[in-house]
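Chain by chain, the residues:
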Amino acid sequence: MTSAQTTRKKRANGVESRQRILDAAVEIAGERGYDGTSIAAVSAKCGLPASSIYWHFKDKDDLIAAVIERSFESWLTAVELPGDDVGTPLERVTVMAANVARSLIGTPDFLRLGLMLALERRPTEPRGRTVFLQVRATTHQKIADVLTALFPALHADDVDTLATYAVAGADGLFVHREVTGGSVDLVALFELHARLVHDAATRMAAAR
């Protein structure tokens, strides 16, 4: 094996190990929360020594932040407004909302862990909470961009209000599904939420 091949193999093994660690951290944190998550527990879950975890992540906080970032990056691809060929603006936002809901069902980690951290107050703010607040700001901006594209007559303050409402409503629907154990149709609720936001935006734009 050449030195280049050896380097590629080590890199591939490193990527695989990192994913195993993140997958294990997701399971542990989902069961035990932030405080109940430990490097030792993650090590036992993924089958890698603690030294391997510390090679990839500085500490538990860094690991949880990475979990949130990975899940968010996967979910963010769903927050895209379909093209004009999909139909009317209402149909487009409804499709987008359904895609967002399905993505949350498939990769709920960043929102589940992020909300846990966001609702807690600690003397020293965990990096995971900081990362979550940053990704929420990104989500808010993405929604604001969609509203601006569909309703150019909307005032900036109205766009901000509607984006805030859209994100807060999505949080509430997700929490409701978590509380009920997944017995609700999150896709249908997100579609309803999108229609309500669209109707509100239509009225605000007309009032201008």
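A. Structural context of the overall build of the protein chain. If you tally the helices and strands in the protein chain, you get nine helices and zero strands. Along the protein chain, helices and strands appear, N-terminal first, in the series α-α-α-α-α-α-α-α-α. Overall, the protein chain is about 65 × 45 × 35 Å in size when its C-alpha atoms are taken along their principal axes. A buried classification covers 44% of the 208 residues belonging to the protein chain.

B. Looking closely at the side chain of Thr139. Here Thr139 is to be found in helix α7 (residues 127-150). We classify Thr139 as buried; its relative accessible area is 11%. Here Thr139 is in contact with Phe72, Trp75 and Val167, once residues within four sequence places are set aside.

C. Local environment of the environment of Arg129. If you trace the backbone, Arg129 turns up in helix α7. Judged by relative accessible area, Arg129 falls into the buried class, the value being 10%. Here the alpha-carbon distance between Arg129 and Leu115, two residues 14 residues apart in the chain, equals 8.4 Å. When residues no more than four places from it in sequence are discounted, the contact partners of Arg129 are Leu117, Ala118, Glu120 and Arg121.

Calculation rules
- Residues numbered from 1 in each chain as written.
- Predicted model: local features only at pLDDT ≥ 70, side-chain atom pairs only at ≥ 80, totals over all residues.
- Heavy atoms only, no water.
- Helix = DSSP H or I, 4+ residues; strand = E, 2+ residues; numbered from the N terminus.
- Buried < 20%, exposed > 50% of the residue type's maximum accessible area, 1.4 Å probe, protein only.
- Contact = heavy atoms within 4.5 Å.

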